[in-house]
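Coordinate analysis (summary)
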Amino acid sequence: MMNDEFEKEYPHYTDYSFIDEDKYYALIILHIIFTFIYYIIGVSIYEFGFIISMRHICGIFEIVRIRLQEASTVLEEYEANLLDYTISNIKAYEHVAKAIKLHNEVLEMVPLMEKTYKICWFTILLANAFIFNGGIYLVILNLSNPFVLIRYATIFAALFIHFYVIFAHGQMIINSSSSVFDACCSCKWYLACPKTRKLLFIMMLRSSRPEVITGGGFFIISMETYSKMMKAGFSYLSIFTSQMKLNYSVEH
């Protein structure tokens, strides 16, 4: 009796019309679960690789910035008459030379990451954007059904967090590369010898434009893009809600 009354539902829309869905309900649920786990593991591994690589690049940018600060500290000691001109400039040149060598290496890493991930990020983020907007619509349609509403709202929140994590790491690359330019500008370059000044000037030119990761070259992965996408999503939410209220008032 309980089996007859039990309503068989699926976590999302499925099409298993080629088999008896009532007879193989348990196997279908297992297939959905294992497919979902396989997808999550695959995407998670890929995205963790991206996150680790981004943090590694940001760490190298931070080392470059610290070495420039060390060069500035040496020049400040010369300005305070704690070091003579020759020793201070030798040490400052060594710090700047190490910084520019490491800066050249990290500038080669960023285009490599861009080439590796740009098409994939465009595909994943475009698909997630459609799911995100569709999720908003489904949440509105199921405002009167708490169980379904919670299910779709959970998916909606997961996409919200997923977007944030990816775009936040893109913003980290922008901030880290920009910090090198700021370190060059704040360095006591006017106290350095001409050879050190040339190195600082070259690094300043190369770091004047922040490094970015894009989605297929169509949009920059940054918090600015993230905020625009969220703003557009909630604008759609407002439009759908207003339209539903208008339709309800017309019907009644």
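Up top you'll find the structure we're talking about.
Throughout what follows, the structure given in this document is the object of discussion. Within each chain, residues carry numbers counting from 1 in the order of the written sequence. Where local features are concerned, this predicted model is filtered to residues with pLDDT of at least 70; where side-chain atom pairs are given and counted, the filter is 80 or more; whole-chain, interface and lining totals use all residues. Computation of side-chain values covers all heavy atoms of the structure but excludes hydrogens and water.

**Some words on the packing of helix α2 (residues 25–79) against helix α4 (residues 146–186)**
- Helix axes are fitted only over the stretch in contact, all axes being lines through C-alpha atoms; the angle between N-to-C directions runs from 0 to 180 degrees. Put simply, DSSP marks the helices as runs of H or I at least four residues long and the strands as runs of E at least two long, and each gets a number from the N terminus on. Interhelical geometry of α2 versus α4 gives an angle of 15° and a closest axis separation of 9 Å. Between α2 and α4, the angle falls in the class roughly parallel. In the packing of α2 onto α4, the handedness of the crossing is left-handed.
- Under the scheme applied, nonpolar residues are Ala, Val, Leu, Ile, Met, Phe, Trp, Tyr, Cys and Pro; charged residues are Asp, Glu, Lys and Arg; polar residues are all the others, including Gly. Here the residues of the contact of α2 with α4 sort into 15 nonpolar, seven polar and three charged. An angle below 35 degrees is treated as roughly parallel, one above 145 as roughly antiparallel, one from 65 to 115 as roughly perpendicular, and anything else as oblique. Crossing handedness is defined as follows: a turn of the near helix away from the far one that is anticlockwise and smaller than a right angle gives a left-handed crossing, while the clockwise case is right-handed.

**Concerning the packing of α4 against helix α5 (residues 194–206)**
- Between α4 and α5, the shortest axis-to-axis distance is 9 Å and the interhelical angle comes to 145°. As α4 packs across α5, the resulting crossing turns out to be left-handed. Of α5, the residues touching α4 (which contributes Val-180, Phe-181, Cys-184 and Cys-185) are Leu-200, Met-203 and Met-204.
- When its residues are assigned to classes, the contact of α4 with α5 shows seven nonpolar, no polar and no charged. We call two residues in contact whenever any of their non-hydrogen atoms come within 4.5 Å of each other.

**Description of the nonpolar core**
- Membership of the largest hydrophobic core comes to 41 residues, with the highest contact counts inside it found for Phe-50, Ile-57, Leu-68, Trp-121 and Met-203.
- For this core, the elements supplying multiple residues, two or more each, are α2, α3 (85–141), α4, α5 and α6 (223–251).
- Ignoring any residue separated from it by four or fewer positions in sequence, one finds Phe-50 in contact with Met-113, Tyr-117, Trp-121, Ile-166, His-169 and Ile-213. For this analysis, a nonpolar core means a set of buried residues of the types Ala, Val, Leu, Ile, Met, Phe, Trp, Tyr and Cys, connected via side-chain atoms within 4.5 Å. Between buried and exposed lies partly exposed: a residue is buried under 20% and exposed over 50% of the maximum accessible area for its type, with that area taken using a 1.4 Å probe on protein chains only.

**Some details on the pattern of salt bridges**
- Salt bridges are identified by distance alone: a Lys or Arg side-chain nitrogen within 4 Å of an Asp or Glu carboxyl oxygen. This model, assessed by the stated rule, comprises two salt bridges.
- We note a salt bridge from Arg-65 to Glu-62, for which the minimum N-O separation is 2.3 Å. Pair noted here: Arg-65 and Glu-62 are both in helix α2, with a separation of three residues, about one helical turn.
- For Lys-228, the salt bridge identified is with Glu-224, shortest N-O distance 3.6 Å. Here Lys-228 pairs with Glu-224, and both are found in helix α6, just four residues apart, close to one helical turn.
- What makes Glu-224 exposed here is its relative accessible area of 51%.

**What to know about α5**
- Taking 1.5 Å per residue as the helical rise, α5 with its 13 residues ought to reach 18 Å, and the 19 Å between its terminal C-alpha atoms agrees with that figure.
- Among the residues of α5, those classed as buried are Thr-196, Leu-199, Leu-200 and Met-203. Along the axis of α5, the buried positions cluster into a sector of 95°, meaning they face one direction only. Pointing more than 90 degrees away from the buried face of α5 are the exposed residues Pro-194, Lys-198 and Leu-205. Take the residue count of a helix, subtract one, and multiply by 1.5 Å to get its expected span. By definition, the arc is the one covered by directions from the helix axis to the C-beta atoms.

**Overview of the side chain of Ser-222**
- With respect to the secondary-structure elements, Ser-222 resides in the loop between β2 (219–220) and α6.
- On the basis of relative accessibility, which here comes to 5%, the residue Ser-222 falls in the buried class.
- With near-sequence residues (within four places) excluded, Ser-222 lies in contact with Phe-167, Gln-171 and Ile-174.

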